[in-house]
Amino acid sequence: MYKYNDFDESFVRNRVAQFSAQVARRIDGSLSEEEFRPLRLMNGLYLQLHAYMLRVAIPYGTLNPDQMDQLAHIAETYDRGYGHFTTRQNIQYNWPKLPDVPAILSDLADVEMHAIQTSGNTIRNVTADHFAGAAADEVADPRPVAELIRQWSTDHPEFQFLPRKFKVAVTGAAADRAVVRAHDIGLVLKRQDGVLGAEIIVGGGLGRTPMVGKTLKEFVTFDDLLPYLEATVSVWNLLGRRDNKYKARIKITVHEHGIDDIRARVEDRFAAIKPTFGGVDMEMLREIEGHFVPPIFADKPVDAYTRAYEADPVFRAWADTNLAAHKAEGYAIVTVSLKKPGQTPGDATAEQMRALAQIARDYAHDELRISHEQNVILPHVHKSNLPALHAALKAFDLASANVGLVSDIIACPGMDYCALATARSIPVAQGIATRFEELKLEHDIGALKIKISGCINACGHHHVGHIGILGLDRAGVENYQITLGGDGTEDMVIGDRTGPGFAYDEIVPAIERILLSYLDLRDGPEETFLATYRRLGLAPFKAALYPAKEEKANAA
Amino acid sequence: MSRPFTPKVITANALLQGDVIYLSESGIWVRALHEAALIFDAARAEALLTEAQKDGMVVGAYLTDAAEGKHGPEPTHFREEFRRTGPSNYPHGKQETGARANV
């Protein structure tokens, strides 16, 4: 993975020193809150409902074991002994105290991490496919491009006061695991005639105006990629609405001007700025690529795996749900679920973080990833190590066999923490997961993505959940709207709203009614919830959700 | 016609700890809602808020509705109920310090 050079090191250290001085000036009264707020946001420090919250970037979701250990150390030393992994491949600490934040940032810098541009109207943490560098279906590892974008966008002088925040995601595979069509810019790496490049998708986003990104250009070679991105952000920076924050994101600019108009402007701007890059971007990309050399994969038998798979039903259940195809013979990608039913989605204790770091050292070529689905990935595990790895995970309560199933729920922090939230998300996720654990229906239901947001800003990606749940405040009471049929993959679809929302104590039974009717309606166990929904549409699920009303309508 | 004034408390977050605080009758910031001053008069509420917003050791002071309870002010909205209690997924925040328990 990427190692900081002298420039990166001194940049991050300087920022720590600068922010430490700003914190000191805020505490001694030299800076007012109004003056301090934009400074703390530039460094990822929010003030939430009960405490400050520090959002730390995990660039493109990649961590090494020393970094994971340091995240555990921070959780224990300055926080409540845990951290929360988010849908944007960040970790959030929910209880830091202002005077401790400089020390936390210094500890992060010790392991080449930071919280820069995790807030504010800047280009945010660049996210990527969490199976990057390991997936069997990958055209190219997206992380070198993502790192190039991180370096280019960090403190980019033209892009520190954008109309609104700006999010970039990169995938190197046709199967989209990075939700690139829901980002301001999404890149899909491709190879054409032996040359690597990217499809550039622009104007996707969720929030109050969900939109599927549109293709700005089918193929841009790596030679042109950075100037093309700069041209795109630059066009929006001038054109984007600064009069209305709800219309400021690039999705609205693309919608209002049309993709053809935006493309023409980007092409003009690209022609003007391309010569100024002079090839330095490609030199940097080549240098970065040298940091992402794949590990040396072992060529050895997988008998230990086969034996355990045949002999141990618990191991088999876990292997069936939590493993994905690796590009190297004899290897697997392991998803460690942070969704034990009843647990807060995405939370890991310091002890669990340390265990994961050690497991990565012992069995996974020193690599860890954080997925936007709030799980931890061990990207390179030889199958012969899987039984021992599984046993190690079990010892730390990390062996839930539920990846991609009903209890593998994305949930934002919601009103348990977030100052913007209009309702709680976490207890709804806990309630659904616990209920289906009781019903023992999880494996019968099969592949399902439930995503929950506690406000319209949609950090929980509810629009692209097969079942999406949006928590709102309706006349002073928590109320939950349901959408069905959303899909966050390469075939991205925004879900359909079912109708009136449900009270807090009604939402888990409502989800149960949807899923029990799916079991009745499906063509067979191989037809997934999403496929059944696409075949039958909203009507039968609506009938299950609102039975009394349907009866009334039929009687009329 | 303007809406009749409903009773309010002044709340904010503490600068250093970041936790929820309330303005008391004596003008001191307290950690428990039931120790807060319940304000029944619009002019007094505005005057106290203006003063509170000048306090450099607190952040984001605002007026919020509260009702008169047996032991002091109580929240009328669930957001303020969570603020005076803490998150529902862990026993952290005010519920562990006892600031909530006295109610």
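Because the structure is a prediction, the values reported are computed rather than measured.

K.L.:
Any chance you could explain the packing of aromatic side chains here in plain terms?
P.N.:
Centre distance and the angle of the planes are the two values used to describe a pair of aromatic rings. Residues and elements named next belong to chain A. Counted by the stated rule, this structure contains 19 aromatic pairs over all chains. Pairing Tyr-480 with Tyr-504 gives two aromatic rings, centres 6.3 Å apart and planes at 45°, and the pair type is tilted. With a gap of 24 residues between them, Tyr-480 in strand E19 (residues 477–484) and Tyr-504 in helix H16 (residues 504–521) connect regions that are remote in the sequence. Looking at Tyr-480, the relative accessible area reads 0%, which means it is buried. Residue Tyr-504 is classed as partly exposed on the basis of its relative accessible area, which comes to 32%.

K.L.:
I tried to follow the packing of helix H6 (residues 222–239) of chain A against helix H9 (residues 280–289) of chain A on my own but got confused; where do I start?
P.N.:
The axes of two packed helices give the description: the angle between them and the distance between them. All names here are of chain A. Interaxial distance between H6 and H9 falls to 9 Å at its minimum, and their mutual angle equals 115°. Relative to H9, the element H6 is oriented roughly perpendicular. Between H6 and H9 the crossing geometry is right-handed. Across the interface between the two elements, Phe-222, Asp-223, Leu-226 and Pro-227 of H6 pack against Asp-281, Met-282, Leu-285 and Glu-289 of H9. Tallied by class, the residues present in the contact of H6 with H9 amount to five nonpolar, no polar and three charged.

K.L.:
Even after reading the chapter, I still don't get the confidence of the model for chain B, so can you show me in this structure?
P.N.:
Atom-level detail of predicted coordinates should not be read off regions where pLDDT is low. For chain B, per-residue confidence averages 93 on the pLDDT scale, and residues scoring 70 or more make up 93% of the total. Interface predicted TM-score (ipTM) for the complex: 0.95; the corresponding pTM is 0.96.

K.L.:
I tried to follow the domain arrangement of chain A on my own but got confused; where do I start?
P.N.:
Accessible area lost during the coming together of the parts is what is often quoted as the interface size. All names here are of chain A. Considered domain by domain, chain A is made up of domain 1 (6–110), domain 2 (142–291), domain 3 (304–395) and domain 4 (410–555). The C-alpha-based centres of domain 1 and domain 4 are spaced at 34 Å. Between domain 1 and domain 4, the residue contacts involve 10 residues of the former and 10 residues of the latter. Approximately 770 Å² of surface area, both sides summed, lies buried where domain 1 meets domain 4, with 58% of it carried by carbon and sulfur atoms. It is Gln-48, Leu-49 and Thr-87 in domain 1 that bury the most area against domain 4; as a group they hold 57% of the surface buried on that side. Linking domain 1 with domain 4 are zero salt bridges, by the criterion used here. The interface formed by domain 1 and domain 4 holds five residue pairs in polar contact (both at pLDDT 80 or more) in total. Tallied by class, the residues present in the side of domain 1 that touches domain 4 amount to four nonpolar, six polar and no charged.

K.L.:
What is the right way to look at the interface of chain A and chain B in this model?
P.N.:
At the interface, 32 residues of chain A touch 25 residues of chain B. Each partner contributes to the roughly 2300 Å² buried at the junction of chain A and chain B, and carbon and sulfur atoms together form 57% of this total. On inspection of chain A and its partner chain B, the count reaches one salt bridge. The salt bridge involving Glu-96 of chain B is made with Arg-80 of chain A; its shortest N-O contact spans 2.5 Å. The interface formed by chain A and chain B contains 12 residue pairs in polar contact (both at pLDDT 80 or more). Residue contributions to the side of chain A that touches chain B peak at three residues, all from helix H14 (residues 426–439) of chain A. Class assignment of the residues belonging to the side of chain A that touches chain B gives a composition of 17 nonpolar, six polar and nine charged.

K.L.:
I would appreciate a short explanation of the nonpolar core in the present structure.
P.N.:
Buried together is how nonpolar side chains tend to be arranged in soluble globular proteins. All names here are of chain A. Formed by 110 residues in total, the largest nonpolar core has its most connected members in Met-68, Leu-71, Ile-149, Leu-187, Trp-318 and Leu-378. With nine residues, H6 is the single largest residue contributor to this core. Phe-436, Leu-484, Ile-514 and Phe-529 belong to the second largest nonpolar core, which has 31 residues in total.

K.L.:
What should I look at first to understand unusual backbone geometry in this one?
P.N.:
Excluding glycine, residues mostly carry a negative phi; peptide bonds, for their part, are mostly trans. All names here are of chain A. Here Gln-117, not a glycine, exhibits a phi torsion of approximately 55°, which is positive. Topologically, Gln-117 is positioned in the loop between helix H4 (101–110) and strand E6 (127–128). Even without being a glycine, Asp-366 presents a positive backbone phi close to 60°.

K.L.:
Help me out: how do you make sense of the sheet that holds strand E5 (residues 90–93) of chain A in this one?
P.N.:
Sheet strands pair by backbone hydrogen bonding; their relative direction is either parallel or antiparallel. Residues and elements named next belong to chain A. As summarised here, the arrangement of the five strands in space is E1-E2-E5-E4-E13, forming an open sheet in which the pairing is antiparallel. Of all the strands in the sheet, the pair left with one neighbour each is strand E1 (45–47) and strand E13 (347–349). Strand-to-strand twist across the sheet, computed as the mean angle between neighbouring axes with direction ignored, equals 30°. The pairing of strand E2 (residues 52–57) with E5 spans four bridges and is antiparallel. Paired with Val-56 across the bridge in E5 is Ile-91. Strands in contact with helix H12 (residues 350–363) are strand E4 (82–85), E5 and E13; relative to E13, the strand with the most contacts, it is inclined by about 85°.

K.L.:
Where do I start with the UniProt feature "domain: Nitrite/sulphite reductase 4Fe-4S" (unreviewed entry) in chain A in this structure?
P.N.:
All names here are of chain A. The residues that UniProt annotates with the feature "domain: Nitrite/sulphite reductase 4Fe-4S" (unreviewed entry) are residues 119–271 and 408–545. Its end C-alpha atoms 31 Å apart, residues 119–271 is made of 33% helix and 20% strand. Taken end to end, residues 408–545 has its terminal C-alpha atoms 22 Å apart, with 37% of it in helix and 19% in strand.

K.L.:
Just checking my understanding: could you explain H4 of chain A for this structure?
P.N.:
Every α-helical turn comprises 3.6 residues, leaving residues that sit three or four positions apart pointing alike. Residue and element names in this part refer to chain A. Across the 10 residues of H4, seven count as buried, placing the element largely inside the fold. What H4 keeps buried is the set Val-101, Pro-102, Ile-104, Leu-105, Asp-107, Leu-108 and Ala-109. Residues of H4 that are buried make contact with helix H1 (6–27), E1, E2 and helix H3 (65–78). Note on H4: the residue one or two positions beyond its end, Glu-112, has a positive phi of about 60°.

K.L.:
Which parts of the structure should I look at to understand the pattern of salt bridges?
P.N.:
Pairing is possible between side chains that carry opposite charge, provided their charged atoms lie close to one another. Residue and element names in this part refer to chain A. A full pass over the atoms with the stated rule returns 44 salt bridges over all chains. Asp-137 serves as the salt-bridge partner of Arg-177, at 2.9 Å between the closest nitrogen and oxygen. Here Arg-177 is found in the loop between strand E7 (168–171) and strand E8 (185–192), whereas its partner Asp-137 is found in the loop between E6 and helix H5 (143–153), with 40 residues between them in sequence. Of the residues examined, Arg-177 reaches a relative accessible area of 18% and is grouped as buried. Members of the salt-bridge network, linked through shared partners, are Asp-141, Arg-143, Glu-367 and Arg-369.

Conventions and cut-offs
Residues numbered from 1 in each chain as written. Chains lettered and ligands numbered in written order. Predicted model: local features only at pLDDT ≥ 70, side-chain atom pairs only at ≥ 80, totals over all residues. Heavy atoms only, no water. Phe/Tyr/Trp six-rings, centres within 6.5 Å; stacked < 30°, edge-to-face > 60°. Helix = DSSP H or I, 4+ residues; strand = E, 2+ residues; numbered from the N terminus. Buried < 20%, exposed > 50% of the residue type's maximum accessible area, 1.4 Å probe, protein only. Axes fitted to C-alpha atoms, helices over the stretch in contact; angles between N-to-C directions. Parallel < 35°, antiparallel > 145°, perpendicular 65-115°, else oblique. Left-handed = near helix turned anticlockwise from the far one by under 90°. Contact = heavy atoms within 4.5 Å. Nonpolar A, V, L, I, M, F, W, Y, C, P; charged D, E, K, R; others polar. pLDDT = per-residue confidence, 0-100. Domains from an automatic or database assignment. Buried area = accessible area lost by both parts, 1.4 Å probe. Salt bridge = Lys/Arg side-chain N within 4 Å of Asp/Glu carboxyl O. Polar contact = N/O pair within 3.5 Å; in protein donor to acceptor, adjacent residues only side chain to side chain. Core = buried A, V, L, I, M, F, W, Y, C linked by side-chain atoms within 4.5 Å. Pairing = 2+ DSSP bridges. UniProt positions renumbered as here; feature names shortened; annotations may be inferred.

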